[in-house]
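Breakdown of the fold
Chain by chain, the residues run as shown.
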Amino acid sequence: MSAPHPYRDREVALATKHGKERVLATALAERPGLMVQVATEVDTDQLGTFTGEIERPAPPRETALRKARLAMQALRLPRGLASEGAFGPHPIAGFIPAGLEFLAFVDEDLGLELVVHHLECDTNFGHTVTDQLDERTSQFLQSAQFGSHAVTVRPNTATTDEALYKGIRTSSALAAALACCAAASSDGHARIETDMRAHLNPTRMRSIARLATELAERLDRLCQSCGAPGFGRVATEPGLPCRLCLTATPQPAADIHGCARCEHRTRIKRHELADPAGCPFCNP
Ligand SMILES: [Zn+2]
Ligand SMILES: [Zn+2]
């Protein structure tokens, strides 16, 4: 019998105000067996909010690590966990919205910092500017999955955020907020935005759940050199040969796996050939 994973039945502190423990606890309980404890007294909004009342002082990766450390301090645990997302136009296909989700894990005892991230195209992120619930506004609300997903409403030209309505999920609340914000705006319009907080945005919660599974898989694997949890893919190496002419393509030819703590790396060659559509010789 092999020894139990070093994280089996160990506690990890989580900073969240938005119910993320639901998906994170489930993913990490199976493997490596971490038990998530929510640091309820940590106000994650102090590191910034989506709605801009408090500006985010750091990039999302750093913010996630800071939140994890705040949770560790609050619960006096050597391990911490936090997630952070940023939303905007897709970095390559700018006409579609995307979310950049980060999930940070810190182990102070082992001197380990591991941040997994992914670019998520499955998001309802968006906004519209309107003065009434017309056809175009209804279309926006439909694409935002209003009802199961919340929106925020504010005056379009507000100088202060006094009239900011968050977490709106009913038509009556939306109508009231819209009327109030349009009246408070110098151009008579309100700005409706998708509410990106995880507990009010099931699409985002699913995205965090996928990232949690990825983190669980990483933490489950131990480094063969130093024994630390968190061994996994850290990079890819381009050059996969084309199926027709064997020219090296930009597609990954190998995966580089690495340790989150030491310099140990392994290279795993991919045993496949690339589609000629991506070949610089066959399809220049
Ligand atoms: Zn190592
Ligand atoms: Zn080719």
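The structure presented is a predicted model; accordingly, all values stated were derived computationally and were not measured. (Residues numbered from 1 in each chain as written. Chains lettered and ligands numbered in written order. Predicted model: local features only at pLDDT ≥ 70, side-chain atom pairs only at ≥ 80, totals over all residues. Heavy atoms only, no water.)

**Quick word on the overall build of the chain**
Summing up its helical and strand segments, the chain has five helices and 12 strands in all. Evaluated residue by residue, the chain yields a buried proportion of 45% over its 284 residues. Considering only residue pairs separated by 6 or more positions, the chain has 61% of its internal contacts joining residues 24 or more positions apart. Separation of charge centres in the chain, based on 31 positive and 34 negative side chains, amounts to 5 Å. (Helix = DSSP H or I, 4+ residues; strand = E, 2+ residues; numbered from the N terminus. Buried < 20%, exposed > 50% of the residue type's maximum accessible area, 1.4 Å probe, protein only. Contact = heavy atoms within 4.5 Å. Lys, Arg positive; Asp, Glu negative; His and termini not counted. Charge placed at Lys NZ, Arg CZ, Asp CG, Glu CD.)

**Looking at the coordination of the zinc ion (ligand 1)**
Every protein donor of the zinc ion (ligand 1) is listed here as C223 (SG), C226 (SG), C259 (SG) and C262 (SG), and their distances to the metal cover 2.3 to 2.4 Å. Sequence positions of the donors to the zinc ion (ligand 1) reduce to the motif C-x2-C-x32-C-x2-C. (Donors = N, O, S within 2.8 Å, 3.2 Å for Na, K, Ca; no water.)

**A look at unusual backbone geometry**
Across residues other than glycine, the phi torsion is negative in most instances, and most of the peptide bonds are trans. A cis amide bond, omega 5 degrees, links R31 with the succeeding residue P32. Inspection of the secondary structure assignment puts P32 in the loop between helix 1 (21-30) and strand 2 (35-38). Phi at D9 takes a positive value of approximately 65 degrees, unusual for a residue other than glycine. Mapped onto the elements of the fold, D9 is located in the segment before strand 1 (11-14). Backbone geometry at Q145 places phi at a positive 55 degrees, although glycine is not the residue there. By secondary structure assignment, the location of Q145 is in the loop between helix 3 (135-143) and strand 7 (151-155). Q145 gets classed as partly exposed once you look at its relative accessible area, which sits at 34%.

**So, empty space enclosed by the protein**
Using a probe with the size of a water molecule, rolled over the atoms, empty space left in the structure can be pinpointed. Under the counting rule described, the total for this entry stands at one cavity of 30 Å³ or more. Empty space within the largest cavity amounts to approximately 30 Å³. Looking at the largest cavity, the residues that line it are F87, G99, E101, E120, D122, T123, T203, R204 and S207. Broken down by secondary-structure element, the contributors of at least two residues to the lining of the largest cavity are strand 4 (97-107) and helix 5 (202-220). Among the elements that make up the lining of the largest cavity, the one with the highest residue count is helix 5 (three residues). Per-class residue counts for the lining of the largest cavity are one nonpolar, four polar and four charged. (1 Å grid on protein atoms, 1.4 Å probe; cavity = no way out; pocket = protein on both sides within 12 Å on 5 of 7 lines; lining within 4 Å. Points joined across faces, edges and corners; volume = space filled by probe spheres on them. Nonpolar A, V, L, I, M, F, W, Y, C, P; charged D, E, K, R; others polar.)

**A closer look at the environment of R79**
Relative to the assigned elements, R79 resides in strand 3 (residues 79-89). Measuring from C-alpha to C-alpha, the distance between R79 and E108 comes to 6.3 Å, with 29 residues separating the pair along the chain. Contacts of R79, omitting those with residues within four sequence positions, involve Y7, R10, E11, V12, A13, L34, M72, F105, V106, D107 and D109. A polar side-chain atom of R79 sits 3.0 Å from the main-chain carbonyl oxygen of E11. (Polar contact = N/O pair within 3.5 Å; in protein donor to acceptor, adjacent residues only side chain to side chain.)

**Quick notes on the environment of G88**
Topologically, G88 is positioned in strand 3. You can call G88 buried: its relative accessible area is 13%. Sequence separation of G88 and G99 is 11 residues, and the distance between their C-alpha atoms is 6.6 Å. Apart from the residues lying within four places of it in its own chain, the contact partners of G88 are I96, P97, A98 and F125.

Coordinates in, geometry out; function isn't part of it.
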